[in-house]
Amino acid sequence: MSPGATRQQLMDLVRSRAPADRERLLMAITDLCAADGDAEVMKAPATQELLSSIFMGLVVEAERDIRQRLAEKLAHADWAPPALINVLALDEIEIARPVIRCSPVLKDHDLVRLLVEATIEHQIEVARRPQVGGVVVAAILRQAEPAVLTALANNLSAEMTDNDMRLMVEQAKKVAALRSPLARHPRLSAELSLSLYVWVGQSLRHALADRFRLDTAKLDQALGDAVAEAHGGTPSTDKEGLLVVARQGEREEMERKLIDKLHAAGQLRPGYLVRALREGRLSLFCTALAMLGRFETDHIRRAIDSDRPELLGLACAAVGIDRSVFPTILHMVRELNGGRPSGGAEGARKAAGAFGPVTPQVAGAAFRQAARAG
């Protein structure tokens, strides 16, 4: 393909709104950037600002499968815009995983932020990241999440100090899943093996004794002294020792922070609402709609749980959703929310009235007044 034809095809893709064409455009830009051998130019501030604007504008409304393929393509790219990589790292775990695991763009402070903001599944991937640094290890130890600690114990390339290993062995008293990987960890010292010996099973005790030539008689005495507390308060785990069920409400909190990032970058648009619903993420839809309209999130949730679909219509009209798109939004919300907002076909007809000859500002004011009135 000649350079002229390539430019013309790219321009055709830019003008198209079809999902398949948006994917082709994203991948074409990615391939062009990857083919540019001038690393200094690619990483220059002006280039990075331009790439960030292009990618973020396309990704925000991209389908899930497109975002996943993009994450896989950019996982090893050192030229990728940091804003884009951080947004992908906060996406669903299947999308975020390759970026968290491999991206050279993610720095220690980005990984620490994921440990604070993201779900357990994301935190586990941070702990599994090859050559994860000491700052990140320290943050994992401070949080002391059992599943994340276990992932870290199995990451033999992590930057672990002697004190880090001591803290991990202390946690093994409460977290059974830590005992086996720590017993086999190359950084385990003979001194720490004495403490670990008390808490492991018979086969691991034999392995520790052989590895460090331990005095089993003395250790058995220590074991006898500690037996009263040896099995107290151990959390339940799956077969790999990973607690992968997210804490109550953490996913909603992560979604709120993702929406905040998109809004701050000027990339949160009405089309994002449709994307969220297509992916079955009703809480993300509520958070995004509240941010776009500057509404209370609780008011949006009450509106979708009510018997008045016109409230949802007012909120959507206020953020610029087109009248022709609203029936699709209402249908998807009802499918995800047990048929609510109720009202059937008549309710849908009434809701369409929210898109009458009024400005978005008037629709927004009407929604707020109705929501406050209950």
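Here's a quick rundown of the structure.

Each value, and the rule that gives it
Residues numbered from 1 in each chain as written. Predicted model: local features only at pLDDT ≥ 70, side-chain atom pairs only at ≥ 80, totals over all residues. Heavy atoms only, no water. Axes fitted to C-alpha atoms, helices over the stretch in contact; angles between N-to-C directions. Helix = DSSP H or I, 4+ residues; strand = E, 2+ residues; numbered from the N terminus. Parallel < 35°, antiparallel > 145°, perpendicular 65-115°, else oblique. Left-handed = near helix turned anticlockwise from the far one by under 90°. Contact = heavy atoms within 4.5 Å. Nonpolar A, V, L, I, M, F, W, Y, C, P; charged D, E, K, R; others polar. 1 Å grid on protein atoms, 1.4 Å probe; cavity = no way out; pocket = protein on both sides within 12 Å on 5 of 7 lines; lining within 4 Å. Points joined across faces, edges and corners; volume = space filled by probe spheres on them.

Remarks on the packing of helix H5 (residues 64-74) against helix H6 (residues 82-89)
Phase 1: Contact geometry of H5 with H6 gives a least axis separation of 11 Å together with a crossing angle of 125 degrees. Our classification of the angle between H5 and H6 gives oblique. The hand of the H5/H6 crossing is left-handed. Between H5, through Arg67, Ala71 and Leu74, and H6, the contact on the second element is made entirely by Leu84, Ile85 and Leu88.
Phase 2: When grouped by side-chain class, the residues that make up the contact of H5 with H6 number five nonpolar, no polar and one charged.

Comments concerning empty space enclosed by the protein
Phase 1: Tallied over the full model, the rule gives one cavity of 30 Å³ or more.
Phase 2: In this structure, the largest cavity encloses a volume near 50 Å³.
Phase 3: The wall of the largest cavity is formed by Val59, Val60, Arg67, Val87, Asp91, Leu258, Leu262, Tyr272 and Arg275.
Phase 4: Of all the secondary structure elements, the ones that give two or more residues to the lining of the largest cavity are helix H17 (250-264) and helix H18 (271-278).
Phase 5: Classifying every residue of the lining of the largest cavity gives six nonpolar, no polar and three charged.

Here's the deal with unusual backbone geometry
Phase 1: In this chain, Arg340 is followed by Pro341 through a cis amide linkage whose omega measures 0 degrees.
Phase 2: Along the chain, Pro341 falls in the loop between helix H22 (326-336) and helix H23 (344-352).
Phase 3: Its identity as a non-glycine residue notwithstanding, Gln131 has a phi of 55 degrees, on the positive side.
Phase 4: Looking at the secondary structure, you find Gln131 in the loop between helix H9 (120-128) and helix H10 (134-143).
Phase 5: Of note, the phi angle at Ala144 is positive, near 55 degrees, even though the residue is not glycine.
Phase 6: Of note, Ala144 is situated in the loop between H10 and helix H11 (146-153).

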